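# Descriptive analysis of the structure
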Amino acid sequence: MKLRNSMGGRLEEFEPLDPARVGIYVCGPTVYGDSHLGHAKSYVSFDVLVRYLRHTGFAVRYVQNITDVGHLSENSEFGEDKIQRQAALERVEPLELAERYTRSYFEDMDALGNLRPDISPRASGHIPEQIELVRTLLSRGHAYRSGGCVYYSVRSFPGYGKLSGRRLDELLAGARVEVQENKRDPLDFALWKKADGGHILKWRSPWGWGYPGWHLECSAMAMRYLGETIDVHGGGLENIFPHHECEVAQSEAATGKPFARFWLHNNMVTVDGRKMGKSLGNFVALKDIFARFDPAVVRLYILRSHYRSPLDFTEEGLRSARSAFERLSELRTRLARTAGEGAGSDAAADLAASLSRSFRERMDDDLDTPGALAAVFDFVRAANSMLDGGSGAGDASMLRDLIEDLCGGVLGIARRQDRDVLETGQEKLVEALSLARSALRGSRLFREADEIRRIVAEAGYSVRDLPDGTSLIKKS
RNA sequence: GGCGGCGUAGCCAAGUGGUAAGGCAGCGGAUUGCAAAUCCGUCAUUCAGCGGUUCGAAUCCGCUCGCCGCCUCCA
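Residues numbered from 1 in each chain as written. Chains lettered and ligands numbered in written order. Predicted model: local features only at pLDDT ≥ 70, side-chain atom pairs only at ≥ 80, totals over all residues. Heavy atoms only, no water.

Another point: the side chain of Asn 239. Checked against the element boundaries, Asn 239 lands in the loop between strand E10 (230–236) and helix H7 (240–255). Of the residues examined, Asn 239 reaches a relative accessible area of 13% and is grouped as buried. Residues contacting Asn 239, with those up to four places away along its chain left out, are Trp 214 and His 244. (Helix = DSSP H or I, 4+ residues; strand = E, 2+ residues; numbered from the N terminus. Buried < 20%, exposed > 50% of the residue type's maximum accessible area, 1.4 Å probe, protein only. Contact = heavy atoms within 4.5 Å.)

If you want it as structure tokens, here you go:
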């Protein structure tokens, strides 16, 4: 499998350090608000990577942090902690707020079908590890104390800039580097900050009461759970600089070893061509989208574009994804109905082999999910044709197993509910209406039957008259 | 100002030297009591524009235009 490595920018054959095991670290959310589509794109992308690696036989340890401290609202000495600021607004404890939005985050990710990370470490729960890392950097001469804070000395690490392609003099030329009195160099960044009066989230350290700098947690937790050199480090494109650049500098200066072998970055979600972000006030909360679209549709929408391409959010795009999702779901339902005992034909085996091959080819090419989906939809047409032609139970079983494996197991776009079983009270009523309608049709009372179909459709169920009976399907 | 990316049909989107995948929408047909679903056919002589390299370019090079991201917290 080839992946585009942000470190160097080239497509490289992926091989983990340990041939059988892969360690992945992905920058998780700062939990001070509900998740939006941008989170969905990032975490769906990495979820598919993890699923695919497991599918191809690797044992994967997937670590994704939860940032609940140290993320300041501005890059200044006196910036407010985002968690603390929002906690004050909602009148709760900072960690209570973090817990609230951590749950909200997992609710949304579960709905999208993302597998839970194997470890979801909290920054606040890893203060000793972070302090230890600062001590190491101090002892190695890469950090210095000043005004109760500890800063990383960027010029002590020659590799600074190698990930983001920046050069120190160019950074200085930029107008927005703020000179701060405690720093020896404007480019230096805080490892540990002194807590002044208003800070609630603070810990005792060798340098007094304080709290960790934002970049520190990822280095400390990644190395704690995945070792000093990790196979894959992922995150959003906007984190390449400064966040990931600083992680590289901290970690490699501390260990003398490469920090991450593969850096993967997903592109942004835009709205009307503009980046979506909390600070821009144009973000689309997942809970709002889920009220109108099945989360599986949102997932398919995301996977229809490449992880490294920007995704422009549109209502029309979501509707298009919903149609495509329905088409796929139709086939899956059809296969499940037909599947049973019996030997499969050569034609079905050929079709399955063809999809397996092209799916793998596309996924092996830097996780080309749009290409993989194209292969899936080629398969959808061919499989429908076979079923139209009267393929038997054995063929259907074979095709079903494959599509469940790829779409369910790898892409995660399978809807979980069994759509032939209607369970809620409303659904029972709809089912009863449908039976009554069948009787009307039997009596050739089509006008009445059509009226029932129209009403049931308004309630969110599509009614179809098939040669062997009537099908009821809940719309997405 | 510096660094990086993008521009493929009405919309979305693969394809990085060999003659334009796929989805949605549309149109014609088969099927159907009518629909829906499904299938068949159709839908870019052309890949922002202009030059160049090549037997051959959407793919490589140069220039132009347009858009976006990062350089400050952000997935």
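Resuming the write-up.
Going through the model one piece at a time under the given rule, you end up with 27 salt bridges. We note a salt bridge from Lys 2 to Glu 13, for which the minimum N-O separation is 3.3 Å. A residue pair is termed long-range when its members are at least 10 positions apart, and Lys 2 in strand E1 (residues 2–4) and Glu 13 in strand E2 (residues 11–13) qualify at 11 residues. Salt-bridge contacts for Asp 465 lead to Arg 453; the nearest nitrogen and oxygen are separated by 3.7 Å. Within this pair, whereas Asp 465 is found in strand E15 (residues 461–466), its partner Arg 453 is found in helix H15 (residues 446–458), the two being separated by 12 residues in sequence. Taking the relative accessible area as the measure of exposure, Arg 453 reaches 32% and is therefore partly exposed. Salt bridges sharing common partners tie together Arg 437, Arg 441, Asp 450, Arg 453 and Asp 465. (Salt bridge = Lys/Arg side-chain N within 4 Å of Asp/Glu carboxyl O.)

With domains assigned, chain A is organised as domain 1 (2–266), domain 2 (288–410) and domain 3 (425–474). Relative to domain 3, the C-alpha centre of domain 1 lies at a distance of 55 Å. (Domains from an automatic or database assignment.)

In this section: the packing of helix H1 (residues 37–55) against helix H9 (residues 295–303). As a packed pair, H1 and H9 sit with axes 10 Å apart at the nearest point and diverge in direction by 80 degrees. For the element pair H1 / H9, the angle class is roughly perpendicular. For the pair H1 and H9, the contacting residues are Leu 37, Ala 40, Lys 41, Val 44, Asp 47, Val 48 and Arg 51 in the first and Val 298, Arg 299, Ile 302 and Leu 303 in the second. Across the contact of H1 with H9, the residue classes tally to 7 nonpolar, no polar and 4 charged. (Axes fitted to C-alpha atoms, helices over the stretch in contact; angles between N-to-C directions. Parallel < 35°, antiparallel > 145°, perpendicular 65-115°, else oblique. Nonpolar A, V, L, I, M, F, W, Y, C, P; charged D, E, K, R; others polar.)

What links the strands of a sheet is backbone hydrogen bonding, and the strands pair in either a parallel or an antiparallel sense. Reading across from one edge, E4-E3-E10-E11 is the order of the 4 strands in this open sheet, with parallel pairing throughout. The strands lining the two open edges of the sheet, one partner per strand, are strand E4 (59–64) and strand E11 (260–266). Across the sheet, the mean angle from the axis of one strand to that of its neighbour is 20 degrees, orientation sign disregarded. Two elements, E10 and E11, share 6 bridges in a ladder whose sense is parallel. (Pairing = 2+ DSSP bridges.)

The subject of this paragraph is the packing of H9 against helix H10 (residues 315–338). As a packed pair, H9 and H10 sit with axes 9 Å apart at the nearest point and diverge in direction by 105 degrees. Comparing their axes, H10 and H9 come out roughly perpendicular. Contacts between H9 and H10 involve Ala 296, Val 297, Val 298, Leu 300 and Tyr 301 from the former and Gly 317, Leu 318, Ala 321, Arg 322, Ala 324 and Phe 325 from the latter. Tallied by class, the residues present in the contact of H9 with H10 amount to 9 nonpolar, 1 polar and 1 charged.

Moving on: helix H13 (residues 393–410). Taking 1.5 Å per residue as the helical rise, H13 with its 18 residues ought to reach 26 Å, and the 24 Å between its terminal C-alpha atoms agrees with that figure. Of the surrounding secondary structure, the elements contacted by the buried residues of H13 are H1, H10, helix H11 (346–364) and helix H12 (369–388). Gly 412 occupies a position one or two residues after H13 and carries a positive phi of about 70 degrees. (Expected span 1.5 Å × (residues − 1).)

Moving on, we come to the nonpolar core. Nonpolar side chains in soluble globular proteins tend to be buried together. The biggest cluster of nonpolar side chains holds 129 residues, and the ones touching the most others in it are Ile 24, Leu 37 and Leu 49. Two domains each put at least three residues into this core: domain 1 (2–266) and domain 2 (288–410). Among the nonpolar cores identified, the runner-up in size contains 6 residues, and Ile 452, Val 456, Val 463 and Leu 472 belong to it. (Core = buried A, V, L, I, M, F, W, Y, C linked by side-chain atoms within 4.5 Å.)

On to the confidence of the model for chain A, then. On average, chain A scores 89 in pLDDT, and the residues at 70 or more come to 94%. No element of chain A has a lower mean pLDDT than helix H5 (residues 168–173), which averages 72, and none a higher one than E4, which averages 97. Interface confidence for the predicted complex, given as ipTM, is 0.94, next to a pTM of 0.94. (pLDDT = per-residue confidence, 0-100.)

Let's shift gears to the packing of aromatic side chains. Counted under the stated rule, the structure contains 9 aromatic pairs. An angle of 65 degrees between the planes, with centres 5.2 Å apart, marks the rings of Phe 14 and Phe 262 as edge-to-face. On the criterion of sequence distance, the pair formed by Phe 14 in the loop between E2 and strand E3 (21–26) and Phe 262 in strand E11 is long-range, its members being 248 residues apart. Here Phe 14 and Phe 262 have matching classes, each one buried. Arranged with centres 6.4 Å apart and planes meeting at 75 degrees, the rings of Tyr 160 and Phe 241 form a pair that is edge-to-face. On the criterion of sequence distance, the pair formed by Tyr 160 in the loop between strand E6 (149–152) and H5 and Phe 241 in helix H7 is long-range, its members being 81 residues apart. (Phe/Tyr/Trp six-rings, centres within 6.5 Å; stacked < 30°, edge-to-face > 60°.)

Positionally, Asp 346 belongs in helix H11. According to the relative accessible area criterion, Asp 346 is exposed, its value standing at 62%. With 49 residues separating them along the chain, Asp 346 and Asp 395 place their C-alpha atoms 9.0 Å apart.

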